[in-house]
Amino acid sequence: MTAPSNTDDGIRLAKRVADVAGCSRADAERYIAGGWVSVDGVVAEDPATRVTAGQQVLMLPGATPVEPEPVTILLHKPAGVEQDALLATIGADTQVLDNGFGKPFLRRHLFKLALATPLETTASGLVVFSQDWRVMRKLVEDAPRNEYEYVAEVDGKIAEGGLDKLGRMFRASWQSEARLRIAGKNIQRGQIERLCGDVGLKVTALRRLRIGRISMGSLPPGGWRYLRDVERF
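Quantities reported herein were computed from a predicted structural model and do not represent experimental measurements. (Residues numbered from 1 in each chain as written. Predicted model: local features only at pLDDT ≥ 70, side-chain atom pairs only at ≥ 80, totals over all residues. Heavy atoms only, no water.)

### Regarding the pattern of salt bridges
Here is the rule we go by: Any Lys or Arg side-chain nitrogen found within 4 Å of a carboxyl oxygen on Asp or Glu counts as a salt bridge. Exposure is judged per residue with a 1.4 Å probe applied to protein chains only, and the accessible area is read against the type maximum: over 50% gives exposed, under 20% gives buried, and values in between give partly exposed.
A full pass over the atoms with the stated rule returns 13 salt bridges. Residue aspartate 142 is joined to arginine 145 by a salt bridge in which the shortest nitrogen-to-oxygen separation is 3.0 Å. Accessibility expressed as a relative area gives 59% for arginine 145, which makes it exposed. Bridged by salt links that share partners, the residues Glu147, Glu149, Arg171, Arg181 and Arg210 form one connected network.

### Quick notes on the environment of leucine 119
As a reminder, the rule being used: The numbering of helices and of strands both runs from the N terminus, where a helix is a DSSP run of H or I of at least 4 residues and a strand a run of E of at least 2. Contacts are residue-level and defined by heavy atoms, with any inter-residue pair within 4.5 Å sufficient.
By the element assignment, leucine 119 lies in the loop between strand 7 (114-115) and strand 8 (124-130). As for leucine 119 and arginine 207, which are separated by 88 residues in sequence, their C-alpha atoms are 9.3 Å apart. In this structure, leucine 119 is in contact with Lys77, Gln83, Ser124, Gly125, Leu126, Val127, Tyr150, Arg189 and Arg208, ignoring residues within four places of it in sequence.

### Brief notes about the packing of helix 1 (residues 13-21) against helix 2 (residues 25-33)
Formally: For helices, the fitted line uses only the C-alpha atoms of the stretch in contact; every axis is such a line through C-alpha atoms, and the angle between N-to-C directions lies from 0 to 180 degrees. An angle counts as roughly parallel when it lies under 35 degrees, as roughly antiparallel when it exceeds 145, as roughly perpendicular when it falls between 65 and 115, and as oblique in every other case. Residues were grouped as follows: Ala, Val, Leu, Ile, Met, Phe, Trp, Tyr, Cys and Pro as nonpolar; Asp, Glu, Lys and Arg as charged; and all remaining residues, including Gly, as polar.
Interaxial distance between helix 1 and helix 2 falls to 8 Å at its minimum, and their mutual angle equals 105 degrees. Overall, the two elements helix 1 and helix 2 adopt an arrangement that is roughly perpendicular. Within the contact between the two elements, helix 1 uses Leu13, Ala14, Lys15, Val17, Ala18 and Ala21 and helix 2 uses Arg25, Ala28, Glu29, Tyr31 and Ile32. Taken together, the residues of the contact of helix 1 with helix 2 sort by class into eight nonpolar, no polar and three charged.

### Some words on the nonpolar core
Test applied: Here the nonpolar core consists of buried residues drawn from Ala, Val, Leu, Ile, Met, Phe, Trp, Tyr and Cys, with membership extended through side-chain atoms lying within 4.5 Å.
If you look at the biggest cluster of nonpolar residues, it comprises 43 residues, and the most contacted ones within it are Leu74, Ile90, Ile182, Ile192 and Phe233. Those elements giving two or more residues to this core turn out to be strand 6 (72-77), strand 8, helix 3 (133-141), strand 9 (147-155), strand 11 (179-185), helix 5 (191-198), strand 12 (202-211) and strand 14 (224-226). Residues contacting leucine 74, with those up to four places away along its chain left out, are Leu126, Val127, Val128, Ile214, Leu219, Gly223, Trp224, Arg225, Leu227 and Phe233. Counting residues in hydrophobic clusters, the runner-up holds 13 residues, among them Leu13, Ala14, Val39 and Ala44.

Shape descriptors only; they carry no functional weight alone.
This is the structure we're talking about:
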């Protein structure tokens, strides 16, 4: 008796990739784990996925058969969003690519992803998530050594000598009549609002622009990107 064909059920994606790339099954699984394989235009992450002969399996540009490195994510937090809700906003639909190119989003990048730089719920701006212990140590354990830059929208009339008073804690300068640029090390949550209040100003909006050497750039509210290999805080 002829053995039943498995053509209708397809074959494992790892086997198909091994055939397409001319590599071992182990390397094929690494390609898939790294997010370098698409099936009918969608990135596949499970080597056990079954594909049929009619489905298009492609290797993405730059594919390498190496285990995925831990990722660090830069996100533009919108004002009013609580930090506990931020993780749920990270996905392929909110990723900002560099001219259409960039590391593909993988669900595995959410595993053990920790928030390293929280912000007040009312504030907006740059926050960092990471799976990399080295980044977490830099941003959490070494936080007092890191410089932060903010823009504060303020209301009210500053007290005489108020700018000098703010300057004792951090660098402060006027960008406009109602906007202060503030930069300094070890800035704590709530500290800018409190110190501005001490000199007669009410902070109506606060946005973090930079952490160390990494700026938010042109990320739109709710958008995110991966930290590039050449970037350092």
